[in-house]
Amino acid sequence: MKSNNIPINKKEDFFKMRNAGHLAAKILDNLFDLIEPGISTLEINDYCHSLIIKNKAIPAPLNYKGFPKSVCTSVNHVVCHGIPSENKILNNGDIINVDVTVILDGWYGDSSRMYVAGKVNKKNYDLLKTTYECLLIGIEEAKPGKHLSDIGFKIQEHAESKNYSVVRDFCGHGIGKEFHTPPSVLHYGNVGDGPELLPGMFFTIEPMINLGDWKVKILKDGWTAVTKDKSYSAQFEHTIGITESGNEIFTLSQNNTDFPIKEI
Ligand code: MF3
Ligand code: CO
Ligand code: CO
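Here's what I pulled together on the structure shown here. The structure presented is a predicted model; accordingly, all values stated were derived computationally and were not measured.

## Considerations on the overall build of the chain
What the chain contains, in helices and strands, is four helices and 17 strands. Relative to its length of 264 residues, the chain is compact, with a C-alpha radius of gyration of 17 Å against a globular reference of 18 Å. Counting only C-alpha atoms and orienting by the principal axes, one finds that the chain spans roughly 50 × 45 × 35 Å. Taking the intrachain contacts of the chain between residues at least 6 apart in sequence as the baseline, contacts between residues at least 24 apart amount to 72%.

Right under this line is the structure:
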């Protein structure tokens, strides 16, 4: 069944998404101890790739529209879709988003978190914390009776209250037996716009928040999105399903490292 072209999934489908989501989370849980100064983003990719395969799943990004690697690694002013490389070595204080999407038994689980190599400075810590809060505030709005854009409204309100900006060029997306389906989940907007949220809708919320201006550009590799003003950017992502009473987060950490950054 579809509503507004948004797939409405069945009760049984929650079980499949839970399994896929838990695996994506498990991969991210394992990165907490791995990421430190001196590691390359290719090593992070290869670690994730092996662990995904070992769990009888497929890394969805690999060869997706020509993407060459198994996860996205986006460091400092890279907003999203960074390509893992042996030449990109993390330095002390670097902030990195690792975005993992697995296909398990035909279903997609998509999640990303920020990590810090070594010790984070106060300015970056505050950006990471606010971005994580934006994700949670967005998820809080995702329930029957609300409209799709209520999510973006709350996220934008929180980010801008701290003088950060919300990236406009990328959004969350419906997900399930396909990587990207309707709806587009914008991380900014007005109250009450867009379709009403209904039980059985599966989608991601994945705000990208910048220290400076929201404008981004794509590098010549055709993938890497960076802030135009080179300001640092952060992102967290969960895959959720709308239930009768609210939502279920499919990609919650199994070891309480949804926000894998030590307090400063
Ligand atoms: N996981 C990303 C998302 O959140 C998509 C990555 S597509 C890739 O939608 F091709 F860049 F890997
Ligand atoms: Co996504
Ligand atoms: Co993702």
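On we go from here.
## With respect to the site of ligand 1
In the vicinity of ligand 1 lie 14 residues, with Pro61, His173, His180, Glu206 and Glu237 positioned nearest. Within the side chain of His180, a nitrogen or oxygen atom sits 2.9 Å from an oxygen atom of ligand 1. About the coverage of ligand 1: the protein hides 96% of its 340 Å² of free accessible area.

## What about the packing of aromatic side chains?
Inspection of every chain in the model, using the stated rule, returns 11 aromatic pairs. Here the aromatic rings of Phe14 and Phe202 are separated by 5.0 Å at their centres, their planes lie at 90°, and the arrangement is edge-to-face. Linking Phe14 in helix α1 (residues 11-34) with Phe202 in strand β11 (residues 202-205), this pair joins segments that are 188 residues apart in sequence. Between the aromatic rings of Tyr108 and Phe179, the centroid separation amounts to 5.4 Å while the plane-to-plane angle is 25°, which identifies the pairing as stacked. Placement of the pair is Tyr108 in strand β7 (residues 107-116) and Phe179 in the loop between β9 (172-174) and β10 (181-185), with a sequence separation of 71 residues. With a relative accessible area of 14%, Tyr108 lands in the buried category. An aromatic cluster of three or more residues is present, and its members are Phe14, Trp107, Phe202 and Phe250. One residue, Arg168, lies across the ring of Tyr188, its end atom 4.7 Å from the ring centre.

## Structural notes on the environment of Ile96
Assignment of secondary structure puts Ile96 in strand β6 (residues 95-104). A relative accessible area of 0% places Ile96 in the buried class. Along the sequence, Ile96 and Lys119 sit 23 residues apart, while their C-alpha atoms lie 13 Å from each other. Beyond its immediate chain neighbours, meaning those up to four positions away, Ile96 contacts Ile35, Thr41, Ile44, Thr73, Ser74, Val75, Leu90, Arg113, Met114 and Tyr115.

## Here we look at the coordination of the cobalt ion (ligand 2)
Bound to the cobalt ion (ligand 2) on the protein side are Asp110 (OD), His173 (NE2), Glu206 (OE) and Glu237 (OE), at distances that span 2.0 to 2.2 Å. Taken as a pair, the cobalt ion (ligand 2) and the cobalt ion (ligand 3) lie 3.3 Å from each other and share Asp110 as a ligand. Of this pair, Asp110 sits in strand β7 while Glu237 sits in the loop between β15 (233-235) and β16 (238-242), and the two are 127 residues apart along the sequence. Taken individually, Asp110 and Glu237 each receive the classification buried, so the pair is uniform in this respect.

## What to know about the environment of Lys11
Turning to its location among the elements, Lys11 is positioned in helix α1. The exposure class of Lys11 is exposed, given its relative accessible area of 68%. Sequence spacing of Lys11 and Gly200 is 189 residues, and the spatial spacing of their C-alpha atoms is 7.2 Å.

## With respect to the sheet that holds strand β8 (residues 165-166)
What holds strands together in a sheet is hydrogen bonding between their backbones, with the strands either parallel or antiparallel. Read from one edge to the other, the open sheet built from three strands follows the order β8-β12-β15, with strand pairing classed as antiparallel. At either end of the open sheet lies a strand with only one pairing partner, and these are β8 and β15. Here strand β12 (residues 208-210) pairs with β15 via three bridges, running antiparallel. Paired with Asn210 across the bridge in β15 is Ser233. Of the strands in this sheet, β12 and β15 touch helix α3 (residues 122-141), which is tilted by about 35° from β15.

## Concerning the side chain of Ser165
Relative to the elements of secondary structure, Ser165 occurs in strand β8. Ser165 gets classed as buried once you look at its relative accessible area, which sits at 9%. One polar contact links the side chain of Ser165 to the main-chain carbonyl oxygen of Asp213, over a distance of 3.5 Å. A distance of 3.1 Å separates a polar atom in the side chain of Ser165 from the backbone nitrogen of Trp214.

## Let's talk about the pairing of β16
Along β16, five of the five residues are buried, which leaves the element largely enclosed by surrounding structure. Burial of β16 is two-sided: the residues His238, Ile240 and Ile242 facing one way and the residues Thr239 and Gly241 facing the other way are all buried. Here β11 pairs with β16 via four bridges, running antiparallel. Following the sheet pairing, Ile205 is matched in β16 by His238. Looking at chain direction, β16 and strand β17 (residues 247-249) are connected through three bridges and run antiparallel. If you follow Ile242 over to β17, its bridge partner there is Asn247. In this structure, the hairpin formed by β16 and β17 is closed by a connection of four residues.

Cut-offs and rules
- Residues numbered from 1 in each chain as written.
- Chains lettered and ligands numbered in written order.
- Predicted model: local features only at pLDDT ≥ 70, side-chain atom pairs only at ≥ 80, totals over all residues.
- Heavy atoms only, no water.
- Helix = DSSP H or I, 4+ residues; strand = E, 2+ residues; numbered from the N terminus.
- Rg over C-alpha atoms; globule rule 2.2 N^0.38 Å.
- Contact = heavy atoms within 4.5 Å.
- Near = heavy atom within 4 Å.
- Polar contact = N/O pair within 3.5 Å; in protein donor to acceptor, adjacent residues only side chain to side chain.
- Areas by Shrake-Rupley, 256 points an atom, 1.4 Å probe, with all protein chains shown as cover.
- Phe/Tyr/Trp six-rings, centres within 6.5 Å; stacked < 30°, edge-to-face > 60°.
- Buried < 20%, exposed > 50% of the residue type's maximum accessible area, 1.4 Å probe, protein only.
- Lys NZ or Arg CZ within 6 Å of the ring centre and 35° of its normal.
- Donors = N, O, S within 2.8 Å, 3.2 Å for Na, K, Ca; no water.
- Pairing = 2+ DSSP bridges.
- Axes fitted to C-alpha atoms, helices over the stretch in contact; angles between N-to-C directions.

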